[in-house]
Amino acid sequence: MSTPTEHEHHVVGPKTYGAILAALLVLTATTTGVAYLDMGVFNPIAALGIACLKAVLVILFFMHIRYSSKLMMLTVGAGFFTFIVLITMTLSDYISRNWGLW
Amino acid sequence: MSTIVTLPNQEEARLPKLSYLNSEYGLKSWLLTGDHKRIAMLYLISITFFFFLGGAFAGVIRLELLTPQPDLVASDTYNKLFTMHGVIMIFLFLVPSVPATVGNFVIPIMVGAKDLAFPKINLLSWYLYVAGACFLVYALLNGGVDTGWTFTTPLSTHYLNTHVITAAMGVFIAGFSSIFTGLNFIVTIHRMRCPGMTWFRLPLFCWSHYAASILMVLGTPVLAITLVLVMLERTVGIGVFDPTKGGDPLLFQHLFWFYSHPAVYIMILPGMGVISEVISTFSRKRVFGYTAVAFSSVAIAVFGFFVWAHHMFIMGVSNYSALVFSLLTMLVAVPSAIKIFNWAATLYKGSLTFETPMLYAFGFMGLFTIGGLTGVFLGSLGMDIHLTETYFIVAHFHFVMVGGMLMAYLAGVHFWWPKMTGRMYPESMSQLAAVTTFIGFILTFFPQFIVGYLGMPRRYHAYPPEFQVLNVLSTAGATVLGIGYLLPMLYMPWSLKYGKIAGSNPWQATGLEWQIQSPPLTENFVDIPVMDHEAYDYEWLAHKTEHEVTTVG
Amino acid sequence: MDSHAIVTGQEQHEEHEEHPAYLRHHFVTVEQQRETASFGMWLFLLTEIMFFGGLFMAYLLYRNWYYDAFVAGSNTLGIGLGTTNTAVLILSSFTMAMGVYSAETRNRKGLVTFLSLTILLGLVFLGIKSKEYHDKYVEHHIPGASFSVEDFVHPADKRDVPLAPDMAQHAQLFFFLYFAMTGMHALHMVIGISILFFLLYHAWHGAYTNGHTSTIDNFGLYWHFVDIVWIFLFPLLYLISRHPLK
């Protein structure tokens, strides 16, 4: 019998949530603080990087993906992959508009 | 002509006493139903209405194009005609065509479930469809929209005073109908399969719908936000797409086509699913290369996201980006071709019979191949510069959408009609209709390839006089085509009262839906089935029917 | 073993034993129903990713083309209010997660408390947002007829670089995207808070602490997603290029 695999339901506790909350607040303070340093091209990289880290923490722990089936992880991955395709392939047009004269 | 149709003895046969059609009575039981089969019928009625509305616009377009002068309608009116034709046919007919009618009806049964995963959301889908359609009808009755179905900016945002916002809102809402249908299918196919129903025992119809649903869920929201931006722009007007104010019209096009290219795969994939089922049944053979066909459906869905800018080659994208998108477009043709080869291999040494669904399937294979190949011509940059925005494009997409998808839709409706209604449609009438549509189609759209190649632009109601002969041929064909499409409107309702009783499996097909009564019970199955054989297993079917006593009524 | 595909399942007997009222007829087990609902919500969130994705693409393009205007526009946004709002929303995500935990541990009072806190924090967020919108209105930074380029052509702050008039006009694009993105986000917050009131009412009556935690779980997913959108909006809109501390 091959019913769809049923996943053990894992309850995430307050300690984990508390730790993630603390991490997120620290990262928020960091991103605001870092914005006041002049790091040139690394400013937006740092800002987006910290944002991505925060998002990953929320997805893994608050949204329980850390404890979910592979299907759920694949689903989340598919969503972000499609978003990345939209951004990068559209940008590929804009970035290359002034290249050479061919 | 030989036939595989196996009907119960018509003297004694009656429709089953209890089915989803008579389990509850009254308008409320239909308008507030959760039953996927009733929702499918609601959709069937709605989209048939809009098909003929869109077709009526096409009729007027072809009438205008009988003569080279713009003498039937004014320029603005002509723009409104082709816009409404496109918007209605794409968003209110083609996108929901197979998934919302046949798909809704048959997918839960095919996977062995009692309903879709989210019945209430299924009903919501239909109401969203109707709501979106109402917005479009309102826009139509108040003067129509003349932007073209592509809402190209800055024309749509700055230079027109027609009801663009209303029409955009209509498409926005209808888009959510599509999203929820896709969502429902993905979850159902993943989570509601009965015991023994592994992924590779699913009918290929389910694989196609799964792939199309991924596109619906991931692509349609981008269209939604694009339309929101258009609506905001029309209201605020600060220039997000207007070059005179620093905006980029190509941003609109990138976002629009990011959905609208996958949209064509949303439209065609369910049709391909129908073709797999029909060709297998009427060849009495399993589909050749099941795995290849299944994976090619998913491949079409994935690659379909990477090629959208081939609609923008002449619009000002960079040469580098045009090159990349052109190469990827060549790649996306491959999985479609794989399917055509596999279907042809299925036919080879099969035991063919030519019932109506099979006639439509043959029509599909030929016409979709031509349409698809011309798509490859258009995908190559040099050719596209010459051919784009001409009637060559119009012919290309009508070959794939009408010669391909619409034929597949008709094949599907005819194939599952006995299951949905319990009755057979009249075979000779339907075969006549199928042949008529095939002839009418070729006469309508083949001349358009020629006239497009010769340089006649699309979306123009006047053309140089030397193109008149081809246009007249095209209009004549459209008349024949119209007759072909009207015939089912006559004999299908007729069959509801006078058609032969079909029994549970008139086509002797495999698939769980053919093992239950026609029409099915509301809960589909008395007991959840256990799947113990492969898909398209005709030996299993033969063994089963040997020992079976069929009573109907 | 007969040759029919349709056989009476043993599962049918077992399911009668474990058949709570909230199990819908087309599901076989509670677990299947729970996982199905969760999967459905995740797919809906995917559509939201792509929906906001279009706005992010527009933002990326115009930030690149009109960087100076975007910097100037960004610097008129209150960083204190923005950072506070970010913290408020993260806190509300925490309270929502704790609500889910309460539902799973069948703690009715806890669930009610945490849902109420989430509503409160959500309303605080919207309150701060309206203050920010009001500030933009007063400063004539709302794009359209009332927009004024004064602040950008003749900036009050000495550290700000004055913009040429045409570049200053492009600041309207920044504010258009600011209002579109935060407005769309706020709309999702309003919908979320409305649903929270509904959930609060039912939670008070014990609807989600009897084993049927699916609704709270899945609403939690929605709420966290709205939080994630803001997590990206904040640096992109508020922190483009703040003046370095000297």
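A quick note: this is a predicted structure, and the numbers were derived from the prediction, not measured. (Residues numbered from 1 in each chain as written. Chains lettered and ligands numbered in written order. Predicted model: local features only at pLDDT ≥ 70, side-chain atom pairs only at ≥ 80, totals over all residues.)

Secondary structure assignment for chain B yields 17 helices and zero strands. Its C-alpha atoms give chain B a radius of gyration of 23 Å, within 12% of the compact-globule value 24 Å for 553 residues. In terms of principal-axis extent, the alpha carbons of chain B reach across some 75 × 45 × 45 Å. Within chain B, the fraction of its 553 residues that count as buried is 58%. Within chain B, counting contacts between residues at least 6 apart in sequence, those at least 24 apart form 86% of the total. (Helix = DSSP H or I, 4+ residues; strand = E, 2+ residues; numbered from the N terminus. Rg over C-alpha atoms; globule rule 2.2 N^0.38 Å. Buried ≥ 20, exposed ≤ 12 C-beta atoms within 10 Å, placed from the backbone. Contact = placed C-beta atoms within 7 Å.)

Before going further, it helps to spend a moment on the interface of chain B and chain C. Each side of the interface is counted separately: chain B has 39 residues, and chain C has 36 residues. Within the residue set of the side of chain B that touches chain C, elements represented by two or more residues are α7 (164–191), α8 (204–236), α9 (249–283) and α17 (538–546) of chain B. Per-element tally for the side of chain B that touches chain C: the top contributor is α8(B), with 10 residues.

Between chain A and chain B, the contact holds 16 residues from the first and 19 residues from the second. Grouping the amino acids of the side of chain A that touches chain B by side-chain chemistry returns eight nonpolar, six polar and two charged. (Nonpolar A, V, L, I, M, F, W, Y, C, P; charged D, E, K, R; others polar.)

Segmenting chain A into domains produces domain 1 (13–67) and domain 2 (69–102). Placing the centre of domain 1 of chain A and that of domain 2 of chain A at their C-alpha centroids yields a distance of 23 Å. (Domains from an automatic or database assignment.)

For the rest of this paragraph, the subject is the environment of T198(B). Following the sequence through the fold, T198(B) ends up in the loop between α7 and α8. With 87 residues separating them along the chain, T198(B) and V111(B) place their C-alpha atoms 9.3 Å apart.

With that settled, consider the confidence of the model for chain B. Do not read the predicted coordinates in detail wherever pLDDT is low. With 99% of its residues at a pLDDT of 70 or more, chain B shows a mean pLDDT of 95. What the predictor reports for the complex is a pTM of 0.94 with an ipTM of 0.94. (pLDDT = per-residue confidence, 0-100.)

V111(B), I275(B), A408(B), A411(B), A58(C) and L177(C) are the most contacted members of the largest nonpolar core, which totals 272 residues. Leave out the neighbours within four places in its chain, and V111(B) touches T188(B), I189(B), M192(B), R193(B), C194(B), M197(B), L202(B) and C206(B). (Core = buried A, V, L, I, M, F, W, Y, C linked by C-beta atoms within 7 Å.)

Bringing the packing of helix α15 (residues 427–453) of chain B against helix α16 (residues 468–498) of chain B into the picture now. All names here are of chain B. Two elements in contact, α15 and α16, have axes separated by 7 Å at closest approach and are oriented at 155°. Considering their axes alone, α15 and α16 lie roughly antiparallel with respect to each other. As for how α15 packs across α16, the hand of that crossing is left-handed. Tallied by class, residues from the contact of α15 with α16 come to 20 nonpolar, 10 polar and no charged. (Axes fitted to C-alpha atoms, helices over the stretch in contact; angles between N-to-C directions. Parallel < 35°, antiparallel > 145°, perpendicular 65-115°, else oblique. Left-handed = near helix turned anticlockwise from the far one by under 90°.)

What follows concerns the packing of helix α4 (residues 97–111) of chain B against α7(B). Residue and element names in this part refer to chain B. Two numbers describe how α4 lies on α7: the axes approach to 11 Å, and their chain directions differ by 15°. In terms of their interaxial angle, α4 and α7 are classed as roughly parallel. Here α4 runs over α7; the crossing is left-handed. Every residue of α7 that contacts α4 at P99, A100, G103, I107, P108 and V111 is listed here: T181, F185, T188 and I189.

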